[in-house]
Amino acid sequence: MPRAILCILDSVGIGGAPDADKYGDVGSNTFGHIAEWAHAGKADREGLRSGPLNVPNLDALGIGAAIKLSTGTLPPGLSATAKGGRFGVGREVSNGKDTPSGHWEIAGVPVPFDWGYFPHTEPTFPPDLIEEFIKRAKLPGILGDKHASGTTIIAELGEESIRTGKPICYTSIDSVFQIAAHESHFGLERLYEICQIAFELTAPLMIGRVIARPFVGEDAASFKRTGNRRDFAIAPPEPTLLDRNQAAGHQVYAIGKISDIYAGHGVTHKIKGTGLPQLFDKTLEAMEMAADNAFVMTNFVDFDSEYGHRRDVPGYAAALEYFDSRLPEMIAALRHDDLLVLTADHGNDPTWTGTDHTREQIPILVFSPSLGQSEIGIRTTFADIGESIALWLGLVPGSHGKSFL
Ligand SMILES: O=P(O)(O)O[C@H]1O[C@H](CO)[C@@H](O)[C@H]1O
Ligand SMILES: [Mn+2]
Ligand SMILES: [Mn+2]
């Protein structure tokens, strides 16, 4: 009986989005630029990695061929042909270049509305929203109230936050309200509590997510964010592939932040994990446990949060190489009628300006011991991924996308 395993390599875009101009992202290409920089010796870091990007397993599944299809250019060191499985390119119809938009569309539900965003002003948040938040959450005030990178703003305001008990509230180009506070001084449960209050206040503004960003350490030099991040997200507007598989009486394993992204909807097994090695292990464990017709979905967030937003090219390259080095384990764990899909939710080119996501097309790399090799072309919506998995799992067709199987 069939099963499906869907790995979202968060932010591993492959350039070529036809509407990138609307986002100021023309020419961005996360995977392609990392390969180029590595080839030019610009992704070396002592003790971490050096030289050209070493990703033979992703290359065999067609990452090079997909990038060539997406942008017209084959990055150095990658192959123009795949050696197994099906490869192609996904193009997003949803307007946001953010995690929920990408994930919902992949799971068959393009976002039919525009998210709310906070302006590039200081303060960025509406004063009446903050006033109500402070009152309901019983806070002495807030810090931040601007667009910022999460690690930078903790270094800047973390000490003051500990001293005053005021949480750090900030946003980005995405539809987010993020709250950073110290895990023990402020308290993790208290942080979750105020995030829930913020979520109730921001959801009517169509803000996609409130994100709890706990950190530890005692001064600017030692502050570090922990794995206790939690996303409070608006629920998808229609049943996703997760809901559909659950409604059919089958298992849905949500690994990493998947459950948060779909507001817990359609999830039968929620599994948390921190860091690429653990997320990979948890995925392999789920593949061992999963019953017939199960859908296993993992979000590998570190590509995005640790390397993309941090504009860390060597770090991103090393993360891709790590994932690649473990891919043979996942392939070896596949049963004859398992389907493995590797893809991404948006781009986050670490060679690009700023610290935000980039509007890009995504790779679609599909492998099953029972499928032959072929090209599936440029798909005009990410929803084709969800529809293909639905078909594989024997579900009734949904209302968006077409199967490429
Ligand atoms: O800079 P950090 O806190 O990692 O924030 C990033 O993480 C958010 C969620 O992915 C994005 O919207 C971006 O702002
Ligand atoms: Mn993402
Ligand atoms: Mn991100």
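Scroll up to find the structure this text is about.
Computed from a predicted structure; not experimentally measured. (Residues numbered from 1 in each chain as written. Chains lettered and ligands numbered in written order. Predicted model: local features only at pLDDT ≥ 70, side-chain atom pairs only at ≥ 80, totals over all residues. Heavy atoms only, no water.)

## A word on the overall build of the chain
And step 1. Secondary structure summary: the chain contains 13 helices and 14 strands in total.
And step 2. Taking 405 residues into account, the globule formula puts the C-alpha radius of gyration at 22 Å, and the chain, at 21 Å, falls close to it.
And step 3. Seen along its three principal axes, the alpha-carbon backbone of the chain occupies a region of about 60 × 50 × 40 Å.
And step 4. Of all 405 residues assigned to the chain, the portion counted as buried reaches 60%.
And step 5. Once local pairs closer than 6 in sequence are excluded, the contacts in the chain between residues at least 24 apart make up 68%.
And step 6. If you sum the accessible surface of the chain, you get close to 14800 Å²; carbon and sulfur atoms cover 53% of it.
And step 7. If the 35 positive side-chain charges of the chain are averaged to one point and the 51 negative ones to another, these points end up 1 Å apart. (Helix = DSSP H or I, 4+ residues; strand = E, 2+ residues; numbered from the N terminus. Rg over C-alpha atoms; globule rule 2.2 N^0.38 Å. Buried < 20%, exposed > 50% of the residue type's maximum accessible area, 1.4 Å probe, protein only. Contact = heavy atoms within 4.5 Å. Areas by Shrake-Rupley, 256 points an atom, 1.4 Å probe, with all protein chains shown as cover. Lys, Arg positive; Asp, Glu negative; His and termini not counted. Charge placed at Lys NZ, Arg CZ, Asp CG, Glu CD.)

## Comments concerning the environment of Ala38
And step 1. With respect to the secondary-structure elements, Ala38 resides in helix 1 (residues 30-39).
And step 2. Taking C-alpha positions, Ala38 is 25 Å from Ser149, a pair spaced 111 residues apart along the chain.
And step 3. Every residue in contact with Ala38, bar those within four places of it in the chain, is listed here: Ala43, Arg49, Gly51, Pro52 and Leu53.

## Here we look at the coordination of the manganese ion (ligand 3)
And step 1. Protein coordination at the manganese ion (ligand 3): the donors are Asp304 (OD), His309 (NE2) and His357 (NE2), at 2.1 to 2.2 Å from the metal.
And step 2. Taken as a pair, the manganese ion (ligand 3) and the manganese ion (ligand 2) show a spacing of 4.6 Å. Neither residue differs from the other here; Asp304 and His309 are each classed as buried. (Donors = N, O, S within 2.8 Å, 3.2 Å for Na, K, Ca; no water.)

## Things to note about the site of ligand 1
And step 1. Among the 15 residues in the neighbourhood of ligand 1, the closest are listed as Gly150, Tyr170, Asp174, Arg225 and Arg310.
And step 2. In this structure, an oxygen atom belonging to ligand 1 sits 3.0 Å away from a side-chain N or O atom of Gln178.
And step 3. A distance of 2.9 Å is found between an oxygen atom of ligand 1 and a side-chain nitrogen or oxygen belonging to Arg213.
And step 4. Protein chains shield 98% of the accessible area of ligand 1, which is 360 Å² for the free molecule.
And step 5. Considering only residue class, the shell around ligand 1 consists of 3 nonpolar, 5 polar and 7 charged. (Near = heavy atom within 4 Å. Polar contact = N/O pair within 3.5 Å; in protein donor to acceptor, adjacent residues only side chain to side chain. Nonpolar A, V, L, I, M, F, W, Y, C, P; charged D, E, K, R; others polar.)

## Let's talk about the side chain of Thr124
And step 1. In this fold, Thr124 is placed in the loop between helix 4 (99-106) and helix 5 (127-137).
And step 2. Residue classification places Thr124 among the buried positions, given a relative accessible area of 3%.
And step 3. In contact with Thr124, other than residues within four places in its own chain, are Phe118, Pro119, Asp145, Lys146, His147 and Thr171.

## Digging into the packing of helix 5 against helix 7 (residues 183-202)
And step 1. As a packed pair, helix 5 and helix 7 sit with axes 10 Å apart at the nearest point and diverge in direction by 140°. As summarised for this structure, helix 5 and helix 7 are arranged oblique, according to the angle between their axes. In this structure, helix 5 crosses over helix 7, and the sense of that crossing is right-handed. In this structure, helix 5 uses Leu129, Glu132, Phe133, Arg136 and Ala137 to contact helix 7, whose residues at the interface are Arg190, Ile194, Ile197, Ala198, Glu200, Leu201 and Thr202.
And step 2. Taken together, the residues of the contact of helix 5 with helix 7 sort by class into 7 nonpolar, 1 polar and 4 charged. (Axes fitted to C-alpha atoms, helices over the stretch in contact; angles between N-to-C directions. Parallel < 35°, antiparallel > 145°, perpendicular 65-115°, else oblique. Left-handed = near helix turned anticlockwise from the far one by under 90°.)

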